[in-house]
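Observations on the model geometry
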Amino acid sequence: MSLLVQKYGGTSVGSIERIEQVADKVAGFRAQGHDMVVVLSAMSGETNRLIGLAQQVQETPDPRELDVLVSTGEQVTIALLCMALKKRGVDARSYTGSQVRILTDSSFTKARIQSIDEENMRADLKAGRVVVVAGFQGVDEQGNITTLGRGGSDTTGVALAAALSADECQIYTDVDGVYTTDPRVCERARRLEKITFEEMLEMASQGSKVLQIRSVEFAGKYKVPLRVLHSFKEGPGTLITLDEEDSTMEQPIVSGIAFNRDEAKVTVAGVPDTPGVAAKILAPIGAANIEVDVIVQNVSADGTTDLTFTVHKNDMNKAVSVLEAVAKDIGAREVRSDDKVAKVSIVGVGMRSHAGVASRMFTALAEDRINIQMITTSEIKISVIIDERYLELAVRSLHTAFGLDAEPSESRVRG
C-alpha cells in the first residue's frame with residue numbers, strides 16, 4: 001500500500017473529542033495497510049495563548065525563549081494522539097522536531113529547514129508503528145529549539161513527505177479543498193479538483209490562506225503530491241500537482257480569485273526624477289525589514305515624480321516614519337499613506353495562452369464603477385489595488401466574468 005503523510009491543523013485537534021476523531025481516521029488508514037506519518041499542530045488558539053503569556057512577561061519576547069515556549073503546544077497534541085491510537089490497538093510513537101532531528105537554521109520564530117534525519121521514522125514504519133511528529137518546529141546545530149513561523153506545520157508535513165518519498169502529503173483542515181475564491185465572500189465559489197503548484201503558490205502569495213506559501217514552494221521543489229482535505233468530511237479534496245501532468249488538457253483561463261485585505265499604500269510625492277532615487281527610498285524600507293509588494297512610479301512631470309508602493313497594514317506607520325526622514329534627505333515634497341485599500345488578483349496558467357485577459361478584468365471592474373489605483377502582473381497573475389470597501393464586490397464580479405461561478409445547486413460554503 002502507500003506511505004501517507006497526513007497533517008492535521010489546530011481546529012482538527014482542538015479538543016479531546018476531535019483528537020479521538022483524528023485517531024479513528026488514522027487507525028482506519030492503518031487498517032487498510034497504509035504506512036502512516038502524522039504531523040500535528042497545537043490545539044486551536046493554544047499558540048496565541050502562549051504568545052500572550054510571553055507578552056505579559058516581556059513586551060517583545062526574546063525570540064529564542066519564545067520558540068521554547070510556543071513549541072510546547074504541539075507536544076501536547078502528539079502525545080494525546082498517540083495515547084488515543086494505542087487505546088485503539090494501533091502502535092504509535094510521538095516525536096518532537098528535535099527528536100526527529102528536523103535540522104533548521106538559527107532564525108528563531110521563522111527558521112528554515114535544512115535537513116531531516118528519517119532513520120528513526122523509517123525504523124518505526126518498518127515495525128508497523130504510526131509515527132506522530134510535532135509540526136512547526138525543529139532544532140538548530142547548537143541544539144536550540146526553533147519554530148518555522150505561522151502555518152509551519154504545513155511545511156513540516158511536506159518536508160517529511162519529501163524526505164520519506166511519500167506517495168502523497170495530505171493536509172487536513174477546516175475546508176474541503178481549494179476553492180476558486182473564499183466561499184464566505186462569494187457563495188458561488190466552487191472546489192477545484194486540481195490546481196498546479198504554480199497557481200497555488202500565486203494564490204497563497206496573493207492572500208489565499210488555505211496553505212502556507214513555504215509549504216507549497218517545498219512541495220513544488222521536491223515534487224511532492226499535495227492534497228487538501230476536510231478533517232471530518234469525506235471527499236476527494238483538491239490535488240495540487242505539476243503543470244506538466246495536465247499539459248494535454250485545456251486549462252481554464254483563470255483558476256481562482258485571490259484577495260488580501262492587509263494592504264496599505266504609501267506614496268512619496270514630488271521626488272526629484274534622478275537616477276538612483278528609487279533605491280534611496282526603498283533601501284531604507286528593506287533595511288527596516290518591511291516587505292514591499294506592488295510598486296508604481298508615475299511619469300515625470302516638471303522634473304519630479306511620485307513613487308507609490310504597498311506594504312502590510314501593520315508596517316504602514318513604521319514605513320511612513322522611515323520615509324519622512326528619507327524625504328527630507330532627497331528633497332521630496334511629502335509622504336502620504338492609506339490603509340483603506342485591498343488587493344484583488346486573478347490567477348491561472350491558462351492566461352499564458354489567452355489574449356485580452358487584462359482587458360476583461362478591467363472591463364468587469366469598470367462596469368461596477370470600481371477604480372483601479374495600482375496594477376502589477378506576472379505570467380499567470382494580474383493584481384490590482386482598489387478601495388477596500390469595494391473588495392467583495394470586485395471578487396464576485398471577477399468570479400462571474402471569468403466563468404468560475406458554480407451552479408446554485410453546486411455552491412458550497414466552508415465547513
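The rules behind these values
- Residues numbered from 1 in each chain as written.
- Predicted model: local features only at pLDDT ≥ 70, side-chain atom pairs only at ≥ 80, totals over all residues.
- Heavy atoms only, no water.
- Helix = DSSP H or I, 4+ residues; strand = E, 2+ residues; numbered from the N terminus.
- Contact = heavy atoms within 4.5 Å.
- Pairing = 2+ DSSP bridges.
- Axes fitted to C-alpha atoms, helices over the stretch in contact; angles between N-to-C directions.
- Core = buried A, V, L, I, M, F, W, Y, C linked by side-chain atoms within 4.5 Å.
- Buried < 20%, exposed > 50% of the residue type's maximum accessible area, 1.4 Å probe, protein only.
- UniProt positions renumbered as here; feature names shortened; annotations may be inferred.
- Salt bridge = Lys/Arg side-chain N within 4 Å of Asp/Glu carboxyl O.
- Expected span 1.5 Å × (residues − 1).

What follows is about the environment of E20. The topology assignment puts E20 in helix α1 (residues 16–31). As a C-alpha pair, E20 and L80 span 60 residues in sequence and 8.9 Å in three-dimensional space. If we skip the residues at most four places from it in the chain, E20 touches A84, K87 and R88.

A separate point is the sheet that holds strand β13 (residues 256–260). Reading across from one edge, β13-β18-β20-β19 is the order of the four strands in this open sheet, with antiparallel pairing throughout. Each edge of the open sheet carries a strand with a single partner, namely β13 and β19 (374–378). Each strand of the sheet is rotated relative to its neighbour by a mean of 20°, with strand direction disregarded. Its contacts with the sheet place helix α12 (residues 357–367) against β18 (341–347), β19 and β20 (381–387), and it is angled at close to 20° to β20. Of the strands in this sheet, β13, β18 and β20 are in contact with helix α13 (residues 391–401), which crosses β18 at around 15°.

As a rule of thumb, nonpolar side chains are buried together in soluble globular proteins. Grouped together as the largest cluster of nonpolar side chains are 41 residues, with contacts concentrated most on V37, V133, L160, L211 and L226. In terms of residues, this core owes the most to one element, helix α7 (residues 152–164), which gives five residues. The contact partners of V133, leaving out residues within four places of it in the chain, are V37, V38, V39, L40, I78, Y95, V100, I102, M121 and L160. Of all hydrophobic cores here, the second largest spans 24 residues; its members include V13, L40, A84 and L229.

What follows concerns the UniProt feature "domain: ACT" (unreviewed entry) in the protein chain. UniProt feature "domain: ACT" (unreviewed entry): in the numbering of this structure it lies at residues 266–349. The span residues 266–349 is 31% helix and 37% strand, and its two end C-alpha atoms sit 31 Å from each other.

Summed over the entire model, instances satisfying the criterion amount to 24 salt bridges. The closest approach of N and O atoms between R227 and E168, which form a salt bridge, is 3.0 Å. Of the two residues, R227 is situated in strand β11 (residues 226–230) and E168 in strand β9 (residues 168–173); the sequence distance between them amounts to 59 residues. Neither residue differs from the other here; R227 and E168 are each classed as buried.

This paragraph deals with α7. End to end, α7 covers 18 Å across 13 residues, agreeing with the expected 18 Å (1.5 Å per residue, within 8%). With 11 of 13 residues buried, α7 is to be regarded as a mostly interior element. For α7, the full list of buried residues reads G152, S153, D154, T155, T156, G157, V158, A159, L160, A161 and L164.

Residue position: F197 is located in helix α8 (residues 197–205). Classification of F197 by relative accessible area gives buried; the value is 8%. C-alpha separation for the pair F197 and A319, spaced 122 residues apart in sequence, amounts to 32 Å. Not counting residues within four places of it along the chain, the set of residues in contact with F197 comprises V216, A219, G220, V224, L226, I240, T241 and L242.

Taking 1.5 Å as the rise per residue, helix α11 (residues 316–330) with 15 residues should run 21 Å; its terminal C-alpha atoms sit 20 Å apart, in good agreement. Every buried residue of α11 is accounted for by M316, A319, V320, L323, V326, A327 and I330. Against β14 (263–272), α10 (277–287), β16 (304–312) and β17 (334–338) lie the buried residues of α11. Just downstream of α11, G331 is the residue with a positive phi angle, here 80°.

In this section: the sheet that holds β14. In spatial order, the strands read β15-β16-β14-β17; together these four strands make up an open sheet with antiparallel pairing. Across the chains shown, the open sheet's two edge strands, defined by having one partner strand only, are β15 (295–297) and β17. Sheet twist, expressed as the average angle between the axes of neighbouring strands with direction ignored, equals 15°. Alignment of β14 against β16, held across eight bridges, turns out to be antiparallel. Each bridged residue has a counterpart across the sheet, and for T267 the counterpart in β16 is T308. Of the strands in this sheet, β14, β15 and β16 touch α10, which is tilted by about 25° from β16.

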